[in-house]
Amino acid sequence: MPIIDAPNKLPSVDRLLNDPETAPLIHDHGAPLVTRCARNVLAAAREQVLAGKSFESRDLVVNLREEVTRALRPSLRRVINLTGTVLHTNLGRAALPDSAIEAMAEIARGASNLEFDLGAGKRGDRHQHAAALLRELTGAESALVVNNNAAAVLLTLNSLALRKEVPVSRGELIEIGGAFRMPDIMARAGCKLVEVGTTNRTHGKDFEAAISPKTALLMKVHTSNYEIQGFTRQVTEAELAGIAHAQDLPLVTDLGSGSLIDLEAHGLPHEPTVREMLDAGADLVTFSGDKILGGPQAGIIAGRRDLIEKLKRNPMARALRPDKLTLAALESVLRLYTDPARLADTLPTLRWLTRDATEIEQLATRLAPIVQRHCERFEVSVERTRAQVGSGALPIDSLDSAALKLTRPEVRRPGKALQELARTFRQLPIPVIGRVADDALWFDLRCLEDEAEFIDNLRGLAST
Ligand SMILES: *Cc1c(COP(=O)(O)O)cnc(C)c1O
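The shown structure was predicted, so the numbers you read here are calculated from the model rather than taken from an experiment.

J.: Can you break down the pattern of salt bridges residue by residue, with the values?
T.: Applying the stated rule across the entire model yields 24 salt bridges. As a salt-bridge pair, glutamate 115 and arginine 126 come within 2.7 Å of each other at their nearest N and O atoms. Of the two residues, glutamate 115 sits in the loop between helix H5 (98–108) and strand E4 (116–117) while arginine 126 sits in the loop between strand E5 (122–123) and helix H6 (128–138), which places them eleven residues apart along the sequence. Taking relative accessible area as the criterion, glutamate 115 reaches 26% and is therefore assigned partly exposed. Arginine 126 gets classed as buried once you look at its relative accessible area, which sits at 6%. Between arginine 351 and glutamate 449 there is a salt bridge; the shortest N-O distance is 2.6 Å. Of the two residues, arginine 351 is situated in helix H16 (residues 348–353) and glutamate 449 in the loop between strand E19 (440–444) and helix H19 (451–458); the sequence distance between them amounts to 98 residues. You can call arginine 351 partly exposed: its relative accessible area is 24%.

If you want it as structure tokens, here you go:
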């Protein structure tokens, strides 16, 4: 086997491509891609040789195979979320149930009645597919699905309050991660925000004083990712609805997360349901599909039929509409809600949120020695932790959970070693995402269900 220790001993691109071991790569993935990879591999090898390294010519074929694997790897990939945040916006929020994935695949594969009325044999309405279930589950007269909740708020305000005023409590002028700021959305929707009350206290009479002939609607925003505590007062939905309706104005509630069921029945903190908001007098309620609801990314607007019809007629509705895969997944997830007794089994989000901490701890205890074998320089222990719901759902509250804690007790400043270790886990065939905090790398196991896959995936760790 020839040793390559000088640039002139490197093969040409052609020779590397004509190597008998390269042929299957070209057969499987095509010459253009393999040629591009061969150039990269030879350029890297040339730099290494110039830096004084040497290797065998067979290494080049091995490197080429790895380079092709890298080039074929999708940019958007599945990861294992062990951050302890169940609905992690950066990690794609809710995981879909198998039934929804199958529904999406079925619709993706061919033509569908997306906008076709099978009974009448003519053009239909894409919003029809989820509307009936949404009406049933929320008690709303009508419902509309758009791209996400930010779009729902934008469309609602633009349709009902263009060039008009919208009073909102100062305590509810929220920013959600990723640059969703209520005042900015209002400006882009073309309406004028009228700030009402103070940060900690807003009264009904503040709203009454803020109403003018230019007022289009009253708005309430669910402060989903923080809580103002202490000497506070916000006007309730029911009180605000009374004030709005006395002036013939609609009340719009941006519920953010928006549960469809009573979460307390599942041992979780109370989260206002869409039905409660409508019963309290909200004329429209907007909420996300991929937060506590556990479905695909979507924004849902539920409420009065005449207002929903106005929203549908807005040309902006076309730009914000959901695609057929979203609608397929959403309909399928909503159908699970019609059997609420089984929801904690059938819906991954609820299954993970309600998972018993003792069961998670047992899983951690089984996995700790296995992870320890792969991470010899670190100490692996099992710790009770607090996991988060995430995505602004259920503020403040956290869930009892359990985690693997990886530390380097003998190192005074382990920060760099821990970041390196976290990086190694992120480079596994299925990247594993943990959290570095308090001189440890934490893997919260609340969202880990496939134990065998996790263990198998660890084989990608060289002993660290
Ligand atoms: C999350 C949230 C939004 C944005 O919803 P997306 O579905 O992420 O667009 C808007 N308002 C509130 C109150 C929220 O919690």
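J.: Any details on the packing of aromatic side chains? Residues and values, ideally.
T.: Using the criterion set out here, one finds one aromatic pair in the structure. Ring geometry for phenylalanine 425 and phenylalanine 443: centres 4.6 Å apart, planes at 50 degrees, overall tilted. Within this pair, whereas phenylalanine 425 is found in helix H18 (residues 415–426), its partner phenylalanine 443 is found in strand E19, the two being separated by 18 residues in sequence. Taking relative accessible area as the criterion, phenylalanine 443 reaches 1% and is therefore assigned buried. Note that arginine 408 overlies the ring of phenylalanine 378, its terminal NZ or CZ placed 5.2 Å from the centroid.

J.: Could you give an account of the domain arrangement of the chain, naming the residues involved and the relevant values?
T.: Considered domain by domain, the chain is made up of domain 1 (3–72), domain 2 (80–89 + 352–460) and domain 3 (98–346). Taken over C-alpha atoms, the centre of domain 1 sits 37 Å from the centre of domain 2.

J.: Can you lay out helix H4 (residues 57–72) for me, pointing to particular residues and giving the numbers?
T.: When the terminal C-alpha atoms of H4 are compared, their 24 Å separation across 16 residues agrees well with the 22 Å that a helix rising 1.5 Å per residue should span. Contact partners of the buried residues in H4: strand E1 (3–4), helix H1 (13–18), helix H2 (23–29), helix H3 (31–50) and strand E2 (55–56).

J.: Explain a negative patch on the surface residue by residue, including any values.
T.: Together, Asp262, Glu264, Glu276 and Asp279 line one region of the surface with negative charge. Structurally, aspartate 262 can be placed in the loop between strand E12 (251–256) and helix H11 (274–279). The class for aspartate 262 is partly exposed, based on a relative accessible area of 41%.

J.: A description of the sheet that holds E19 should follow, citing residues and the corresponding values.
T.: Taken in spatial order, the four strands of this open sheet run E15-E16-E19-E18, and their pairing is antiparallel. In this open sheet, the two strands that pair with only one neighbour each are strand E15 (379–388) and strand E18 (435–437). Looking at each pair of strands side by side, their axes are set apart by 40 degrees on average, direction ignored. As defined by bridge partners, E18 adjoins E19 across three bridges and the pair is classed as antiparallel. Across the sheet, alanine 437 pairs through a bridge with alanine 440, a residue of E19. Along the sheet, helix H17 (residues 357–374) contacts E15 and strand E16 (398–407); its crossing angle with E16, the most-contacted strand, is approximately 10 degrees. H18 rests against E16, E18 and E19 of the sheet, and its axis sits at about 35 degrees to E19.

Each value, and the rule that gives it
- Residues numbered from 1 in each chain as written.
- Predicted model: local features only at pLDDT ≥ 70, side-chain atom pairs only at ≥ 80, totals over all residues.
- Heavy atoms only, no water.
- Salt bridge = Lys/Arg side-chain N within 4 Å of Asp/Glu carboxyl O.
- Helix = DSSP H or I, 4+ residues; strand = E, 2+ residues; numbered from the N terminus.
- Buried < 20%, exposed > 50% of the residue type's maximum accessible area, 1.4 Å probe, protein only.
- Phe/Tyr/Trp six-rings, centres within 6.5 Å; stacked < 30°, edge-to-face > 60°.
- Lys NZ or Arg CZ within 6 Å of the ring centre and 35° of its normal.
- Domains from an automatic or database assignment.
- Expected span 1.5 Å × (residues − 1).
- Contact = heavy atoms within 4.5 Å.
- Patch = residues over 30% accessible without salt bridge, like charges linked within 9 Å, V, L, I, M, F, W, Y side chains within 5 Å.
- Areas by Shrake-Rupley, 256 points an atom, 1.4 Å probe, with all protein chains shown as cover.
- Lys, Arg positive; Asp, Glu negative; His and termini not counted.
- Charge placed at Lys NZ, Arg CZ, Asp CG, Glu CD.
- Pairing = 2+ DSSP bridges.
- Axes fitted to C-alpha atoms, helices over the stretch in contact; angles between N-to-C directions.

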